[in-house]
Every structure is written in structure tokens, then in C-alpha cells.
Amino acid sequence: MSPLNTTQLTVAIGTKNPAKVHAVKETLLSEPLSFVSVEVPSGVSCQPFSDDETRLGALNRAKAALVEAETDLAIGLEGGVSETETGSLMLCNWGVMVDKKGKAWEASGLKIPVPTDVSDGLLKGQELGSIMNERANEEGTNTREGAVGAFTLNWISRKEMFSHIVKALYGQYLVEQQNK
């Protein structure tokens, strides 16, 4: 990837979650960017339950991180679940990147079915992270492999899942910069 601009920009990452922070930093490592991660609220429920709510959480994180860190760009990443027309649940994940002028770029990523035992817990009001910690008999699974890692035997990690979204966001940004 070749940068269009050699001026180093600063990007705020709207979380301290290592899986999300590493997804951004490692994906954009070769770009002329510096990073700061800030803990900001998503403004949605702790367990987003639709694509719309998950997308809004990512947007809220990006906007809040931009203000909090006073950077050139900010990225918000959010994971959730969405219900299909058949009533089954799917993992969903969204990312939004914003700039100081108010422009926003959005991307969504992989969707994968949630196993029935996990869906049952979600429908009873439990958070996905808590369910996954209980299944793994350890804490902090959402900062490492995440549910997607558990559901794919780590063929796809949470960081990798979010990395694709970061590529889509930054790619859209570069296209816009190229067309200026």
C-alpha cells in the first residue's frame, strides 16, 4: 500500500481492547500514521443486538475518540449479534472511521452463526463476552480470540476479523484522498 500523503496523521482508536487496538495498528503499520487509543463509550447497550445498533456503537466510538484525543482521524470498532429472518443469531461487527471535517467511512465484516447454547444465553440477557468466558473457563476472551475464534477453532481471530474492516475503512479513505 502506498500512501498518498507523506504527512504523518494521528489516528485515535476508540477503545483500549487489545484485539481491536492491535487490529488497527498492525493493519496500518506501513502507513504514515501514529496512533493513540482512548477508552470511550459506545453509547449503545453492552450487548448490541442488531446491525444497526452495532454500527451505531462503532460510529459513536469513532466520534468520541476524535474529540477526546483531538486527532486527524478516529476509528471505532464494535461487535454484536444480529437476528436473521429465521430467528437465529449471527455475530456481526462494524467499523467506522471519521475525520475532523465530519466525514465518515463505514464497513461491516464477517457474519457467522452463533451456536444455540450461546444464543440461548444472549436471548436471556447475558453478554456474549461473559458467555464466552464461561465456556472457556477464563476471563478476557474478548481481548484475545473472541467468540469468532471459539466458533472457528481459531481459524479466524477477533483481531483478524476487525483487520478486514480496518482495511476497508482506510481503503475508502485513500480513494477519497486520491480523488481530491
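Residues numbered from 1 in each chain as written. Predicted model: local features only at pLDDT ≥ 70, side-chain atom pairs only at ≥ 80, totals over all residues. Heavy atoms only, no water.

### With respect to the environment of Glu 138
Mapped onto the elements, Glu 138 comes out in the loop between α4 (128-136) and α5 (146-151). For Glu 138, a relative accessible area of 37% corresponds to the partly exposed category. When the C-alpha atoms of Glu 138 and Ser 82 are compared, they prove to be 25 Å apart, with 56 residues separating the residues in sequence. (Helix = DSSP H or I, 4+ residues; strand = E, 2+ residues; numbered from the N terminus. Buried < 20%, exposed > 50% of the residue type's maximum accessible area, 1.4 Å probe, protein only.)

### Side note on unusual backbone geometry
Its identity as a non-glycine residue notwithstanding, Glu 70 has a phi of 55°, on the positive side. On the secondary structure map, Glu 70 appears in the loop between α2 (51-69) and β3 (73-83). Glu 70 sits in the exposed class, given a relative accessible area of 71%.

### Quick look at the pattern of salt bridges
As a working rule, side chains carrying opposite charge can pair if their charged atoms are close by. According to the stated counting rule, one finds seven salt bridges in the structure shown. Between Asp 51 and Lys 111 there is a salt bridge, with the nearest N and O atoms lying 2.4 Å from each other. Of this pair, Asp 51 sits in helix α2 while Lys 111 sits in the loop between β5 (104-108) and β6 (112-113), and the two are 60 residues apart along the sequence. Under the relative-accessibility criterion, Lys 111 is labelled partly exposed at 34%. Asp 117 is the partner of Arg 135 in a salt bridge, and the nearest nitrogen-oxygen pair spans 3.3 Å. With Arg 135 in helix α4 and Asp 117 in helix α3 (residues 116-123), this pair connects stretches of sequence that are 18 residues apart. In this structure Arg 135 comes out as partly exposed when scored by relative accessible area, which is 43%. The exposure class assigned to Asp 117 is partly exposed, which follows from its relative accessible area of 45%. (Salt bridge = Lys/Arg side-chain N within 4 Å of Asp/Glu carboxyl O.)

### Brief notes about the state of the cysteines
What is meant by a disulfide is a covalent connection between two cysteines, made through their sulfur atoms. Inspection of every chain in the model, using the stated rule, returns zero disulfides. Between Cys 46, a free cysteine, and Cys 92, which holds the nearest cysteine sulfur, the sulfur-to-sulfur gap is 15 Å. Looking at Cys 92, the relative accessible area reads 2%, which means it is buried. (Disulfide = S-S within 2.5 Å.)

### Digging into the packing of α3 against α4
For any two helices packed against each other, one specifies the crossing angle of their axes together with the interaxial distance. It is at 9 Å that the axes of α3 and α4 come closest, and there the two elements cross at 135°. One element, α3, and the other, α4, form an angle in the oblique class. For the pair α3 and α4, the crossing hand works out as right-handed. On α4, the residues touching Asp 117, Val 118, Gly 121 and Leu 122 of α3 are Leu 128, Ile 131, Met 132 and Arg 135. Tallied by class, residues from the contact of α3 with α4 come to five nonpolar, one polar and two charged. (Axes fitted to C-alpha atoms, helices over the stretch in contact; angles between N-to-C directions. Parallel < 35°, antiparallel > 145°, perpendicular 65-115°, else oblique. Left-handed = near helix turned anticlockwise from the far one by under 90°. Contact = heavy atoms within 4.5 Å. Nonpolar A, V, L, I, M, F, W, Y, C, P; charged D, E, K, R; others polar.)

### Let's talk about the nonpolar core
A general trend in soluble globular proteins is that nonpolar side chains are found buried together. Formed by 35 residues in total, the largest nonpolar core has its most connected members in Ile 75 and Leu 91. Sorting elements by how many residues they give to this core places helix α6 (residues 158-178) first, with eight residues. Core analysis: the next-biggest nonpolar cluster, separate from the first, contains twelve residues, Val 38, Val 40, Ala 65 and Leu 66 among them. (Core = buried A, V, L, I, M, F, W, Y, C linked by side-chain atoms within 4.5 Å.)

### A short note on α3
Along α3, the residues that are buried comprise Val 118, Ser 119, Gly 121 and Leu 122. Buried residues of α3, viewed axially, fall in a sector of 160°; they line one side. Exposed positions of α3 whose direction lies more than 90 degrees from the buried face are Thr 116 and Leu 123. On its buried face, α3 is in contact with β3, β4 (89-99), α4 and α5. Once α3 ends, the next one or two residues include Gly 125, with phi positive near 100°. (Arc of directions from axis to C-beta.)

### Some details on the pairing of strand β2 (residues 33-37)
Inspection of the sheet shows strand β1 (residues 9-13) paired to β2 by five bridges, in the parallel sense. Paired with Leu 9 across the strands is Leu 33, a residue of β2. Crossover handedness for the path β1 to helix α1 (residues 18-27) to β2: right-handed. (Pairing = 2+ DSSP bridges. Right-handed = clockwise from strand over helix to strand, strands pointing away.)

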